[in-house]
Amino acid sequence: MILKLKHDRPLGLKDLSGTSLHFLGEPGDDESLVYSKEVNLDKLANRALEFEAGSRPGLIRQPGLITKLTALDIADPKERLSDEFHEVYETLTSEDHVVYEIEVSATQASRDSTKRREVENIVAEIRASLGRGIHGHVYDTDFQGEGAILMVGTKGSKLAEWVENPKWWRKISRFELRPRFQTMSEVFNAFNVDNITIAPPPPDAETICVIDSGIATGNPFLGPVTKPADSRSWVYGASPTEDAHGHGSGVGSLAAFHSIGFADGDQNQATAWIASARIMTDAGELDSPRQEDAVEDRAQQAWLLSRILREIVEHFVPQGVRIFVLAFEMQGHIWSHATRRQVARNAWIARTLDQLSREHDIVFVGITGNVAPLEAEELEEETQAPYPHYLLTPFAKLLDPGPSALSVICGSLAHSTHLAGAAHSLIANLDEPSPFSRSGPGFGRAIKPDVVEYGGSLVRDVETNRIVRNMGTDVVMASNRLTPALQRSIGTSFAAPRIANHLATILRDCKILGLNPSATLLRAFLAVSCKKPLIPASFTKDQALALVGYGRPDGSAAMHCRGHSVLLYWDGSLEVDSTAIFRIHVPSELASTGRSKKSITVAVATSPHVQKWGFGEYLGARFKFWLYRGDKPTADIMAQHQRDQDEPNVATEDSIDHFIGNVGINQRSDGALQHDVFEWAEHQPGYSANDYTLAVSVLGAARWLKDDQKTVPLSVVVRIEEESGVFQQLYARVRERVRATA
């Protein structure tokens, strides 16, 4: 049964509390459809009686539905039709083909995970009801929140069944005559470059070097953003501004634009220039002879690429290029305890990236690598680990150069819950790890990936149970042609260039402020802007970090300060076996904001020397940081971290409790990029008795580190934020203290 409520004011979820009623679809301004999970309306009746008798004080203060309700009736199932649909419904039921939109809602489940399953089951029922195209087709499915919207084309008789048969009353909550969106395939296939805007970046924008299969400058997206004169090819006889393979053109377009808009009227404003460093042949391989032995072949390829990468950096750095994106994976070079000894120690490309990053003060953006659809199916079957747990198994670990310690390594997130056409079901929800994105940790058990971005997703064929691609979950990017100008694909390869775009935005903003940041500071600014994506509740902290790292960054907001949010940074170096103490002013006025969330986000990056051969002590020096509230005396904190040169670097007996972050000191303290978020609600008066204290220690040198290598570049970025925005004087208060102590 469906009920229709008439009310004199709009209703919200709280108004139905305690009544056993639930909204079917979105509530209206004066009429809403509801249903009850119980066989009667006793709870609603009792609530009305209690309100009338005044027996519950809480109900008097917040009566909810009782004072807004003007009438309650059994609803006609046709009330689920939109007004326009209702006018022509009788005519349409006799038509051979009707295109319309339906909304599916979860009405049985109470938890989010079971609601999604219920919605997917209803969508499967709808598809089955169409009888493999006999009665109609599902053109598009868009999973949104706790429901889904489907664009369908059916016979009029099937429309009548879905509207009038009680089986469907609560499963299909809304019918719209005119769909609110075109199908994905219609929009993609109808793309006309004349109907969108493509604008080059500003003349002084940063340049990103794309190391790939070339950039097709004949493409309308790529021509305006590529610097042909600065580009170069390392493939004999091949041009850096041609791309028969297509991979480099896709990567280049996302590095320049971050995302491609292809609907009529979309504005595409590039924020970075692209220089092409071509390293792949038309077949997408390195330009070198291949060996019959697979292990030897991979080693030869790695050695060749390492030599080429050094030449590329030496060519582009004098041109002012600071950001390099290498969306490349070395198949078979898996960094896990089960496989890593199968690779020669001097054949890891990741080591070359680390050496070049430090030597030239640049940032490489690399990828975790991908699990192919067939590999994902095999891992699920062999390990009995469903998504996303199979991504944590040994054969789904990082591919070279993913373990790189000083590069920014990128994993992938699902960017869409829109399914086009075929009978597919979602594997990953929006902002969950892509079903192909490999997991860390990296060299020295460092958190890898460092960050994640949108790289597409895979879906499951509901009929065959195979893992496949779907147009709706693909990433759209520039092709290697004039026309069609677009292509679709998936992979961490198409997440990494977006990270390069974030870095270019941060570097541009730094220069606007008169700051020439080191590579370590760029990495720290990137990390401090990260927000944690969705991770299953069953995951441990280590598992979550191994899949999504510190989260998804926002380069456009990384440098921004507002009244309730302030950014602090330090860019310098520190000697091994020493500690830097940073005082952070957190105003006592935060106590006036009640229990609104406050946070301090800390990102620390360093670039120590790396071992040339082994992995036992890969980083020449390691570091840790601790944050202390203002109720801990600064002098005591300094005493705890201070020691004489000949004393061992161990904790004092009377340790001072430090602020525990979301990541935690044990998890974050192995890599060259460390990040944590420290959150609290009620700001106690004692918290600001002193400044907060951030202690950063560069720990003992590796045994192989030379005396002239013991100065380590180090950058620290801190964001203080009162997230409700109530305390708009935060920035001013902190700025005053910084100026006073400068």
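Reference entry: report on the structure contained in this document. Being a predicted model, the structure only gives us computed values, none of them experimental.

### Things to note about the pattern of salt bridges
- What the rule picks out here adds up to 34 salt bridges.
- Note that Arg9 and Asp8 form a salt bridge whose closest N and O atoms lie 3.2 Å from each other.
- Looking at Arg9, the relative accessible area reads 38%, which means it is partly exposed.
- What emerges from the salt-bridge pattern is a single network uniting Arg116, Glu120 and Glu432.

### What to know about the pairing of strand E7 (residues 147-154)
- In terms of residue burial, E7 counts as a mostly covered element, since eight of its eight residues are buried.
- The pairing of strand E5 (residues 98-105) with E7 spans eight bridges and is antiparallel. When the sheet's bridge partners are listed, Ile102 is paired in E7 with Leu150.
- Strand direction decides the pairing type here: strand E6 (residues 136-144) and E7, joined by eight bridges, are antiparallel. In the strand pairing of E7, Val138 is matched with Val152.

### Comments concerning unusual backbone geometry
- Residues Lys448 and Pro449 are joined by a peptide bond in cis, for which omega reads 0°.
- Following the sequence through the fold, Pro449 ends up in the loop between strand E20 (424-426) and strand E21 (451-454).
- Going from Thr483 to Pro484, the amide bond is cis rather than trans, its omega being -5°.
- Following the sequence through the fold, Pro484 ends up in the loop between strand E24 (475-478) and strand E25 (486-489).
- Within the chain, His258 stands out as a residue other than glycine whose phi angle is a positive 75°.
- A positive phi angle, near 65°, is found at Asp577, a position not held by glycine.
- Counting through the fold element by element, Asp577 comes out in the loop between strand E26 (565-575) and strand E27 (578-584).

### Remarks on the packing of helix H8 (residues 294-316) against helix H9 (residues 349-360)
- The interhelical angle for the contact between H8 and H9, taken along N-to-C directions, is 15°, at an axis separation of 9 Å. The angle between H8 and H9 places the two elements in the roughly parallel class. Like other packed secondary-structure pairs, H8 and H9 cross with a definite hand, here right-handed. Two secondary-structure elements touch here, H8 through Ala302, Leu305, Ser306, Leu309, Arg310, Val313 and Glu314 and H9 through Ile349, Thr352, Leu353, Gln355, Leu356, Glu359 and His360.
- Grouping the constituent residues of the contact of H8 with H9 by class yields seven nonpolar, four polar and three charged.

### Concerning the side chain of Ser596
- Inspection of the secondary structure puts Ser596 in the loop between E27 and strand E28 (598-606).
- Owing to a relative accessible area of 14%, Ser596 belongs among the buried residues under this scheme.
- A polar contact is formed between the side chain of Ser596 and the side chain of Glu722, at a distance of 2.8 Å.
- Among all residues touching Ser596, those that are not within four sequence positions of it are Trp680, Ala681, Glu722 and Ser724.

### A look at the side chain of Ser697
- Considering the arrangement of structural elements, one finds Ser697 in strand E31 (residues 692-698).
- A distance of 2.5 Å separates the side chain of Ser697 from the side chain of Thr579, its partner in a polar contact.
- Residues within four places of Ser697 in sequence aside, it is in contact with Ser578, Thr579, Arg622, Phe623, Lys624, Trp626 and His641.

### Points about the nonpolar core
- Counting 69 residues, the largest nonpolar core has Ile208, Phe221 and Phe525 as the members making the most contacts within it.
- Among all residues touching Phe525, those that are not within four sequence positions of it are Ile506, Cys510, Leu515, Ala558, Met559, Leu567, Tyr569 and Val717.
- Within the second largest apolar cluster, 40 residues are counted, among which are Ala275, Ile312, Leu356 and Val610.

The rules behind each value
- All residue numbers refer to positions counted from 1 along the written sequence of the respective chain.
- For this predicted model, a pLDDT threshold of at least 70 governs which residues receive local features, and a threshold of 80 or more governs which side-chain atom pairs are given and counted, while totals over whole chains, interfaces and linings are taken from all residues.
- Excluding hydrogens and water, the side-chain values take into account all heavy atoms of the structure.
- Any carboxyl oxygen of Asp or Glu within 4 Å of a side-chain nitrogen of Lys or Arg constitutes a salt bridge here.
- Buried, partly exposed and exposed residues are distinguished by accessible area as a fraction of the type maximum, computed with a 1.4 Å probe on protein chains only: under 20%, between the cut-offs, and over 50%, respectively.
- By the criteria applied, helices consist of DSSP H or I runs no shorter than four residues and strands consist of E runs no shorter than two, each listed in order from the N terminus.
- Two strands are counted as paired when DSSP detects at least two bridges linking them.
- Axis definition: a line fitted to C-alpha atoms, limited for helices to the stretch in contact. Angles are taken between N-to-C directions and run from 0 to 180 degrees.
- Any angle that falls under 35 degrees is termed roughly parallel, while one over 145 is termed roughly antiparallel, one within 65 to 115 roughly perpendicular, and all others oblique.
- Note on convention: the crossing is left-handed when the near helix lies turned anticlockwise from the far helix by less than a right angle, right-handed when the turn is clockwise.
- Contact between two residues is taken to exist if any of their heavy atoms lie within 4.5 Å; hydrogens are not considered.
- Side-chain classes are defined by residue name, with Ala, Val, Leu, Ile, Met, Phe, Trp, Tyr, Cys and Pro counting as nonpolar, Asp, Glu, Lys and Arg as charged, and the others, Gly among them, as polar.
- Pairing of N or O atoms within 3.5 Å defines a polar contact, subject to two protein rules: one partner must be a possible hydrogen donor and the other a possible acceptor, and residues neighboring in sequence count only if both atoms are side-chain atoms.
- Throughout this description, the term nonpolar core refers to a set of buried Ala, Val, Leu, Ile, Met, Phe, Trp, Tyr and Cys residues connected via side-chain atoms within 4.5 Å.

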